[in-house]
Amino acid sequence: MKILKYGFCIALSCCTFVHSTLIAQEKRVRARDLGISIGILPTGKWNAITDVEGVKVGHVSVIQGDSVRTGVTAIIPHDGNIFQDKVPAAVYVGNGFGKLMGISQIRELGNIETPILLTNTLNAPKVADALIDYMIHLPGNEKVRSVNPVVGETNDGGLNDIRGRHVHKEHVFQSLKEAKTGPVAEGNVGAGVGTETLGFKGGIGTASRKLPPSKGGYTVGVLVQSNFGGVLQINGAPVGRELHNFYMMEKKEPHKVDGSCMIIIATDAPLSPRNLERLAKRSYIAFGNVGAFSSNGSGDYSIAFSTHPACRVPYNGKTIEMEVKDVHNDEMSALFMAVWEATEEALLNSLFMAEDMTGINKRTVRSLPIKETLQILKKYNVLNHDKLPKATTK
């Protein structure tokens, strides 16, 4: 088995895949690099979920032959043993046509005790099984007899031999081992290899926002696995309509509308599970802003967690009572804005960074055409909003 490393993505394949249509593709860049700015808040250093201190991301892309286009992405909340030192968390369900594993315990207990893994629909149980193996063999977990693995998914069957269930234990372990801070690979990587979004190639996207000191100075980071339908909008411009690629455009040209989206939200703000759920809900505003409407067959979930050390939940608590640290309700609004902005930009990054992909049955999904998209954005005067007055940084 050949292992190809690029960025923070590990591509495992039994043969090299190079399709002729990929050779002449436009150079892929992030939305912000093209003058597309979302909202008013500044980004973190990497404009990624890893701007939240301690958060790591690892990808393994599984690309084999002409029909395997899938993978796994790992999001690790902190450097320690997450089972022994759990983080508060919450889930918001936009549309529940999905197979999010671990959801009931998150809702019941308000925390997560494993990394969050993303993959394809039929591989979710296999990935969960591998994650359990990983967790029970960590030093300190020798006596653990119950683990709640958190695994999200979207259906990449349009490009991938999904019935073959090609993500295996070694891929899961590798994604965890290779997880790193810093820049995050986007587009056709990890769990985003075979996804498609709003009529174009989708994938992994990420972004972050930093609050001013007067609002706590907190960071909010978002990572998405985009795989859903609708009518693409960018800063209000009707890009999907202008490119004639959208749901219900023509009966003879069926447009994918089902599929799902996973939105993972990290913050260093001290938040209770209640406020984390409120934060997760706001990501759905961004989901609608880019043109999604959560079709019947779309499983759309937001998972939010806090990395603040004072909010962690020890496995073996020494006291009957816990002191809960939480941001006041009246101070949540800035965080709500941050998650809206970061989610919207992460979704756009997943489109702008994705490349054309040919997969099972020789089906090709094209990436968002950058040149034509920029022409549309100029037509609607929605570029270079970052040149306008900025929000306060005090």
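Throughout what follows, the structure given in this document is the object of discussion. These numbers were taken from a predicted model, which means no experiment stands behind them.

Focus on the nonpolar core
Counting 51 residues, the largest nonpolar core has I36, I265, F352 and L377 as the members making the most contacts within it. Elements that contribute at least two residues to this core include exactly strand 12 (219-226), strand 13 (261-267), helix 6 (273-289), helix 7 (333-352) and helix 8 (370-379). Examining the composition of this core, we find that eleven residues originate from one element, helix 7, more than from any other. Discounting residues that sit within four places of it in the chain, L377 has contacts with I36, I234, A237, V239, V382 and L383. V52, I116, V150 and F305 belong to the second largest nonpolar core, which has 28 residues in total.

A word on the packing of aromatic side chains
A complete count under the given rule lists six aromatic pairs for this structure. Geometrically, the ring pair formed by Y284 and F287 is tilted, given 5.2 Å between the ring centres and 35 degrees between the ring planes. Here F287 and Y284 lie together in helix 6, a separation of three residues that amounts to about one turn. The ring of F336 has R282 sitting right over it, with the charged end atom 3.8 Å from the ring centre.

Considerations on the side chain of R209
Note on placement: R209 falls in strand 11 (residues 204-210). Here E341 takes part through its side chain, which lies 2.8 Å from a polar atom of the side chain of R209. A distance of 2.6 Å separates the side chain of R209 from the side chain of E345, its partner in a polar contact.

Observations regarding helix 6
Here helix 6 spans 26 Å end to end across 17 residues, near enough to the 24 Å set by a 1.5 Å rise per residue. Within the span of helix 6, buried status applies to N275, L276, L279, A280, S283, A286 and F287. With its buried residues spanning 160 degrees around the axis, helix 6 presents them on a single face. In this structure, the buried residues of helix 6 make contact with strand 5 (85-96), strand 13, strand 14 (299-306) and helix 7.

With respect to unusual backbone geometry
In the Ramachandran plot, N235 falls in the positive-phi region, its phi being about 50 degrees despite a non-glycine side chain. Structurally, N235 is set in the loop between strand 12 and helix 5 (239-242). We note that S294 has phi near 55 degrees; this positive angle belongs to a residue other than glycine. Considering the arrangement of structural elements, one finds S294 in the loop between helix 6 and strand 14. The class of S294 is buried, set by a relative accessible area of 17%.

Section: helix 7
Here helix 7 contains 20 residues, and its C-alpha end-to-end distance of 29 Å stays within 8% of the 28 Å for a straight helix at 1.5 Å per residue. With 17 of its 20 residues buried, helix 7 lies for the most part within the structure.

Some remarks on the pattern of salt bridges
Taken as a whole and judged by the stated rule, the model has 14 salt bridges. E186 serves as the salt-bridge partner of R30, at 2.8 Å between the closest nitrogen and oxygen. Linking R30 in the loop between helix 1 (20-23) and strand 3 (56-64) with E186 in the loop between helix 4 (169-177) and strand 9 (196-197), this pair joins segments that are 156 residues apart in sequence. Each member of the pair, R30 together with E186, is buried. Residues E113 and K86 are paired through a salt bridge, measuring 2.8 Å at the closest nitrogen-oxygen approach. On the criterion of sequence distance, the pair formed by E113 in the loop between strand 6 (111-112) and strand 7 (116-120) and K86 in strand 5 is long-range, its members being 27 residues apart. Assessed through its relative accessible area of 5%, E113 is described here as buried. Through salt bridges with shared partners, one network takes in R32, R209, E341 and E345.

A look at the side chain of T121
Following the sequence through the fold, T121 ends up in the loop between strand 7 and helix 3 (124-136). When sequence neighbours within four positions are dropped, the list of residues in contact with T121 reads K99, E153, T154, N155 and I162.

Description of the packing of helix 6 against helix 7
Here helix 6 crosses helix 7 at 40 degrees, and the two axes come no closer than 8 Å. Between helix 6 and helix 7, the angle is such that the two are oblique. Both helix 6 and helix 7 take part in a crossing whose hand is right-handed. For the pair helix 6 and helix 7, the contacting residues are R278, L279, R282, S283, I285, A286, F287 and N289 in the first and L335, F336, V339, W340, T343, E344 and L347 in the second.

Section: the pairing of strand 12
Of all the eight residues making up strand 12, eight are buried; the element is thus mostly covered by neighbouring parts of the structure. Neither face of strand 12 is exposed, since T219, G221, L223 and Q225 on one face and V220, V222, V224 and S226 on the opposite face are all buried. Where strand 11 lies against strand 12, seven bridges are found, and the strand directions are antiparallel. If you follow R209 over to strand 12, its bridge partner there is V220. In terms of strand pairing, strand 12 meets strand 13 through seven bridges, oriented antiparallel.

Scoring rules and cut-offs
- Residues numbered from 1 in each chain as written.
- Predicted model: local features only at pLDDT ≥ 70, side-chain atom pairs only at ≥ 80, totals over all residues.
- Heavy atoms only, no water.
- Core = buried A, V, L, I, M, F, W, Y, C linked by side-chain atoms within 4.5 Å.
- Buried < 20%, exposed > 50% of the residue type's maximum accessible area, 1.4 Å probe, protein only.
- Helix = DSSP H or I, 4+ residues; strand = E, 2+ residues; numbered from the N terminus.
- Contact = heavy atoms within 4.5 Å.
- Phe/Tyr/Trp six-rings, centres within 6.5 Å; stacked < 30°, edge-to-face > 60°.
- Lys NZ or Arg CZ within 6 Å of the ring centre and 35° of its normal.
- Polar contact = N/O pair within 3.5 Å; in protein donor to acceptor, adjacent residues only side chain to side chain.
- Expected span 1.5 Å × (residues − 1).
- Arc of directions from axis to C-beta.
- Salt bridge = Lys/Arg side-chain N within 4 Å of Asp/Glu carboxyl O.
- Axes fitted to C-alpha atoms, helices over the stretch in contact; angles between N-to-C directions.
- Parallel < 35°, antiparallel > 145°, perpendicular 65-115°, else oblique.
- Left-handed = near helix turned anticlockwise from the far one by under 90°.
- Pairing = 2+ DSSP bridges.

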